[in-house]
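If you want the building blocks of each chain, they are given just below.
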Amino acid sequence: MNKYACRKIFTKTLLSLALENRNILAVTSDARGSVTLNEFANTLPEQFVETGIAEQNEVGMAAGLAACGKIPFVCAPAPFLSSRSLEQVKVDVAYSNTNVKLIGVSGGISYGALGLSHFAIHDIAVMRAIHGLTVLLPCDARQTEWLTKEIAQTIGPVYMRMGREPVPDVYTEETAHFEIGKANCLREGKDLTIIATGEMVYKAICAADQLREKNISARVLDMHTIKPLDVLAIVQAARDTGHILTVEEHMIYGGLGAAVSETVSEHYPVPVKILGIPDEHVVPGEQEDVLKHYGLDADGIALAAQLLLKRT
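Owing to the predicted nature of the structure, the values given are computational and were not obtained by experimental measurement.

Regarding the sheet that holds strand 2 (residues 24-28)
The strand order across the open sheet formed by 7 strands is 3-2-4-5-7-6-12, and the pairing between neighbours is mixed. Each of the sheet's edge strands pairs with one partner strand only, and the pair in question is strand 3 (48-50) and strand 12 (225-227). Each strand axis lies, on average, 20° off the axis of its neighbour in the sheet, ignoring direction. Here 4 bridges tie strand 5 (residues 101-105) to strand 7 (residues 158-161), and the two strands are oriented parallel to one another. Across the sheet, Lys101 pairs through a bridge with Val158, a residue of strand 7. Lying over the sheet, helix 1 (residues 6-20) contacts strand 2, strand 4 (71-77), strand 5 and strand 7, oriented at roughly 140° with respect to strand 2. Packed onto the sheet, helix 4 (residues 55-67) meets strand 2, strand 3, strand 4 and strand 5 and runs at close to 170° relative to strand 4.

Looking at the nonpolar core
Leu192, Ile194, Leu245, Val247, Val282 and Leu296 are the most contacted members of the largest nonpolar core, which totals 36 residues. Breaking this core down by element, the ones donating at least two residues are strand 10 (192-196), helix 9 (201-213), strand 11 (218-222), strand 13 (244-251), strand 14 (272-277), helix 12 (287-293) and helix 13 (298-311). Looking at this core, the element that brings in the most residues is helix 9, giving 6 residues. If near-sequence neighbours (up to four positions away) are discounted, Val247 is found in contact with Ile194, Ile195, Ala196, Thr197, Met200, Leu256, Leu275, Leu296 and Ile301. If you look at the next biggest cluster of nonpolar residues, it comprises 34 residues, including Ile130, Leu137, Tyr159 and Val270.

Describing the side chain of Asp297
Among the structural elements, Asp297 can be located in the loop between helix 12 and helix 13. Lys292 provides the closest opposite charge to the buried, salt-bridge-free Asp297, at an N-O distance of 5.2 Å. At 2.8 Å, the side chain of Asp297 forms a polar contact with the backbone nitrogen of Gly300. Leave out the neighbours within four places in its chain, and Asp297 touches Lys203, Leu291 and Lys292.

Criteria and cut-off values
- Residues numbered from 1 in each chain as written.
- Predicted model: local features only at pLDDT ≥ 70, side-chain atom pairs only at ≥ 80, totals over all residues.
- Heavy atoms only, no water.
- Pairing = 2+ DSSP bridges.
- Helix = DSSP H or I, 4+ residues; strand = E, 2+ residues; numbered from the N terminus.
- Axes fitted to C-alpha atoms, helices over the stretch in contact; angles between N-to-C directions.
- Contact = heavy atoms within 4.5 Å.
- Core = buried A, V, L, I, M, F, W, Y, C linked by side-chain atoms within 4.5 Å.
- Buried < 20%, exposed > 50% of the residue type's maximum accessible area, 1.4 Å probe, protein only.
- Lys, Arg positive; Asp, Glu negative; His and termini not counted.
- Salt bridge = Lys/Arg side-chain N within 4 Å of Asp/Glu carboxyl O.
- Polar contact = N/O pair within 3.5 Å; in protein donor to acceptor, adjacent residues only side chain to side chain.

Without other data, these values stay purely geometric and don't point to any function.
The following block contains the structure:
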């Protein structure tokens, strides 16, 4: 099984695009190592902007560059990009409708032992609440590459969040067909639907395979686009399966689960369980250990699905 870090696939793809288009810039806040931008900076120094640890300036400068016809990719750790520079994202990028691509790397609890100050478990909630901002969470290498190419040629502000460590392939060359705003069905099922986003998608697939061994048929949707949300796929899942479990590396408030619940309650009410980080100070530790602690591994997702079915 192949494993690749989405951040490395992103920067590799960005470099190839920037070699063909001099208007594409990488803007970073002392994060070339974290984002893996060293090769980009060495190859195209005239298309690389280093602001130092100044996320507000980073986003404001990118908005100015976009107003001059450039295509800036703001590359920074997700916990800082989505909190320190929020006003600039809201006003300079979204309200001003500048063509800025915000790339949040090491999202969720990727930084592990560094603890709460370095966790990005609020960013989906914040970014999807800002009008005019597209919000994307790729789940593997192929999806990351495709989304990077797509947003580079699409006009408008975007927030794309990815993790830090290598993740297994979800898609093959044959199945890698994507459209922004459209969920992908990765498993068919009739008993419940698991809707996952980002790097939780692979774990959701593994959970569905476990459930199949218990004669539970679980549909799996890859909701790579949080905004605009695929309302039709969610409503269809509610109609077809009657139960929905959402899975995200994010707080239980305001993220994917909230978006799905809002949709279901308005269009076709069914029981929904939101599986994510609970409302507490998150424990530090290695990423996989923390995910398991909160039931965000394949075993935990499968258990949550069974409890949802029993409860309802």
